[in-house]
Amino acid sequence: MSAATPFIDIHRVVYGYARDHRIVDDVSWSLQQGGFHCLVGRSGCGKTTLLKLVAGLLTPQQGHIRRQDGRSVVPGPQLGYMFQAPTLLDWQRVLDNVLLPVSLQRRPSQADFARARELLAMLGLASYEQRYPRELSGGQQSRVALARALVLQPELLLLDEPFAALDAITRYELQDDLLRMCRKQRTTVLFVTHDIGEAVYLADRVGVMHAGRLLADIAVSLPVPRTQALRHGVAFNGICAGIYDTMMRAGQ
Ligand SMILES: Nc1ncnc2c1ncn2[C@@H]1O[C@H](COP(=O)(O)OP(=O)(O)O)[C@@H](O)[C@H]1O
Ligand SMILES: [Mg+2]
């Protein structure tokens, strides 16, 4: 399959919770296979609603969202989720939390255990598998939630401001972890954030959203793999400034 084949095609999608009030207003966008897509916009602009539409948790009132094979997206193991709060089960150990998406379907096999342990090792948590969530820092809990989102090797990973509650240094580390894990698995990612810098650091493409509309689809051509030093460079800051201007102009 060529890199240009859209994996998910969002076509003229409209959605509102109340009649005559569009929260997602005629949005078209395509997600490329293996690509990292960020959706950025200020709070309340409709990002979470669009993410839920892509997940199949909401159904478009107009337009459609289709996979490359023409089928609709339905919730299931082919989707991985991660939200702002890690939402770990307090009474389960780290390893069992990671295996939860498997346990909901079947009894975890030896291969499932091996995979969960591999993910924890990649995230620096190999020695924490028998701990309970309360014994972990916020950043470690987020890593467990990331491992849980990836344990079934989803073809599409959906993240909704997953690092927003973390301090800046921990957030940067988690961003690098996420990029590394998704590159290794060639996961297609849709990541929602209100943080322009986060979007530009992570994404191949940034969708800029305002008041329910997709204002721009920006290709980020920064070196891969990303390094923290990039954040101080002219290219990085130029892209951030362009996105900020687009959002400000739309708000006037
Ligand atoms: N379940 C709901 N019922 C009614 N209104 C909602 C619901 N969820 C979100 N909204 C409204 O839709 C708008 C966009 O919300 P949301 O998609 O969560 O935005 P964002 O994620 O960009 O902050 C907000 O005005 C919010 O109040
Ligand atoms: Mg939201």
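Now for a look at the structure at hand. Values in this document were obtained by computation on a predicted structure and should not be read as measured data.

**Let's talk about the sheet that holds strand E5 (residues 79-82)**
Note: strands within a sheet are paired through backbone hydrogen bonds, in either parallel or antiparallel orientation. Pairing is mixed in the open sheet, where 6 strands are placed in the order E5-E6-E7-E3-E8-E9. Two strands lie at the open edges of the sheet, namely E5 and strand E9 (213-219), each paired on one side alone. The sheet shows a mean angle of 15 degrees between the axes of neighbouring strands, taken without regard to direction. Here helix H5 (residues 138-150) sits on the sheet in contact with E5 and strand E6 (156-160), set at roughly 170 degrees to E5. Against the sheet, helix H8 (residues 234-251) touches strand E3 (36-40), strand E8 (205-210) and E9, its axis set at about 20 degrees to E8.

**With respect to the site of ligand 1**
What surrounds ligand 1 is the set Tyr17, Ile23, Arg42, Ser43, Gly44, Cys45, Gly46, Lys47, Thr48 and Thr49. Glycine 44 places a polar main-chain atom, nitrogen or oxygen, 2.7 Å from an oxygen atom of ligand 1. In this structure, an oxygen atom belonging to ligand 1 sits 3.2 Å away from a main-chain N or O atom of cysteine 45. Protein chains shield 55% of the accessible area of ligand 1, which is 560 Å² for the free molecule. Taken together, the residues of the shell around ligand 1 sort by class into 3 nonpolar, 5 polar and 2 charged.

**Some details on the sheet that holds strand E4 (residues 62-67)**
One open sheet holds the 3 strands; their spatial order is E2-E1-E4, and the pairing between them is antiparallel. Each edge of the sheet is formed by a strand with only one pairing partner; in this case those strands are strand E2 (24-32) and E4. Averaged over all pairs of adjacent strands, the angle between their axes in this sheet comes to 10 degrees, without regard to strand direction.

Cut-off values and rules
- Each residue is numbered by its place in its chain's sequence as written, counting from 1.
- Lettering for chains starts from A, numbering for ligands starts from 1, and both go in the order in which the items are written.
- Reporting of local features is limited, given that this is a predicted model, to residues whose pLDDT is at least 70; pairs of side-chain atoms are given and counted only at 80 or more, and all residues count toward the totals for whole chains, interfaces and linings.
- Think of the side-chain values as coming from all heavy atoms in the structure, minus any hydrogens and water.
- Here a strand pair is declared whenever DSSP counts at least two bridges between the two strands.
- Going along the chain from the N terminus, every DSSP run of H or I of four or more residues is numbered as a helix, and every run of E of two or more is numbered as a strand.
- Between N-to-C directions, angles cover 0 to 180 degrees, with each direction set by a line fitted to C-alpha atoms, over the stretch in contact for helices.
- Contacts were defined at the residue level, with two residues in contact if any of their heavy atoms lie within 4.5 Å.
- When we say a residue is near a molecule or strand, we mean one of its heavy atoms is within 4 Å of it.
- Pairs of N or O atoms within 3.5 Å make up the polar contacts considered here, provided that, within protein, one atom can donate a hydrogen while the other can accept it, and that residues adjacent in sequence are counted only when both atoms are side-chain atoms.
- Here, Shrake-Rupley sampling with a 1.4 Å probe gives the accessible areas, and only protein chains in the shown set may cover a residue.
- Under this grouping Gly is polar, as are all residues other than the nonpolar Ala, Val, Leu, Ile, Met, Phe, Trp, Tyr, Cys and Pro and the charged Asp, Glu, Lys and Arg.

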